[in-house]
Every structure is written in C-alpha cells, then in structure tokens.
Amino acid sequence: MYSLFFFFVAGLCEIGGGYLVWLWLRESHSWIFGVLGGLVLFMYGVVPTFQKTHFHRTYAAYGGIFIVMALCWGYLFEDFVPDIYDITGTIVAAIGVIVIFYYPRKEDEKIGIGTSD
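Residues numbered from 1 in each chain as written. Predicted model: local features only at pLDDT ≥ 70, side-chain atom pairs only at ≥ 80, totals over all residues. Heavy atoms only, no water.

Phi at Ser28 is positive, roughly 60 degrees, even though this residue is not glycine. Checked against the element boundaries, Ser28 lands in the loop between α1 (2–26) and α2 (31–46). Look at Ser28 and you get exposed, because its relative accessible area is 67%. In this structure, Asp79 takes a positive phi of about 55 degrees despite not being glycine. The class of Asp79 is exposed, set by a relative accessible area of 71%. (Helix = DSSP H or I, 4+ residues; strand = E, 2+ residues; numbered from the N terminus. Buried < 20%, exposed > 50% of the residue type's maximum accessible area, 1.4 Å probe, protein only.)

Bringing helix α4 (residues 84–102) into the picture now. The end-to-end C-alpha distance of α4, which contains 19 residues, comes to 26 Å, matching closely the 27 Å that a straight helix rising 1.5 Å per residue would cover. Within α4, the full set of buried residues consists of Thr90, Ala93, Val97 and Phe101. For α4, the angular spread of the buried residues around the axis is 65 degrees, confining them to a single face. Facing away from the buried side of α4, by more than 90 degrees, are the exposed residues Ile84, Tyr85, Val92 and Ile98. Taking the backbone nitrogen of Tyr85 as reference, a side-chain oxygen 3.0 Å away marks Asp83 as the first, capping residue of α4. (Expected span 1.5 Å × (residues − 1). Arc of directions from axis to C-beta. Polar contact = N/O pair within 3.5 Å; in protein donor to acceptor, adjacent residues only side chain to side chain.)

If you want it as structure tokens, here you go:
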C-alpha cells in the first residue's frame, strides 16, 4: 500500500502539473496556471524519492501507472471514453508494472543484459 500511495500522489502531480501547463499554453489560461503547473511538476520530482527501491525500477513502474492515470484523467476531466486499444494498452502497462516493481527478487540476483558468470 505504501508504494501504491506514492505512485498515486506522483501521478496526480505529474498529470495535474502537466495539465495546468497545457491549460496555460494551449487553452490560453492565465500565466498563473503555468507557474502552478511548474510547482506541481517540481513536487512530482520529489515524490518518487519516497519509494523504497532503485531509481530505474521506480521510474519504469511509474510509466505504467501514468498510462492508467492519464486515461482515467481523460475520462473524468475531459469526457474522453477510452476505446478497446486504450484499454488493452493500459492492461499491458499494468501487467508490466506488476512484473517490474512487485515481482519478488533476491537483492544479489543479477539477471539480464550485461551479466556474466
């Protein structure tokens, strides 16, 4: 639950901050939206540091979480209804998050590119 909470908070910061900047530049809202968006995006840079794993794994998993959250954002705030391809891609991304972030590993286990025994 700890990691999911911080995934959610980071997702809100990243998508919310980006959306505020979008409103400023694309929808001609006040420059204050841009400043607030920048501050929220700065918080997005801080929140992932609370995850209890490596940087690369955290950001790889965030990518999948953001796909899910971005489609939810579109549905909730922009009346966008995802199609079958959006939903299929979201499921694939969510499975990727589970494999990358939650699959149990031994800390000293070396698997993948560049490992040699």
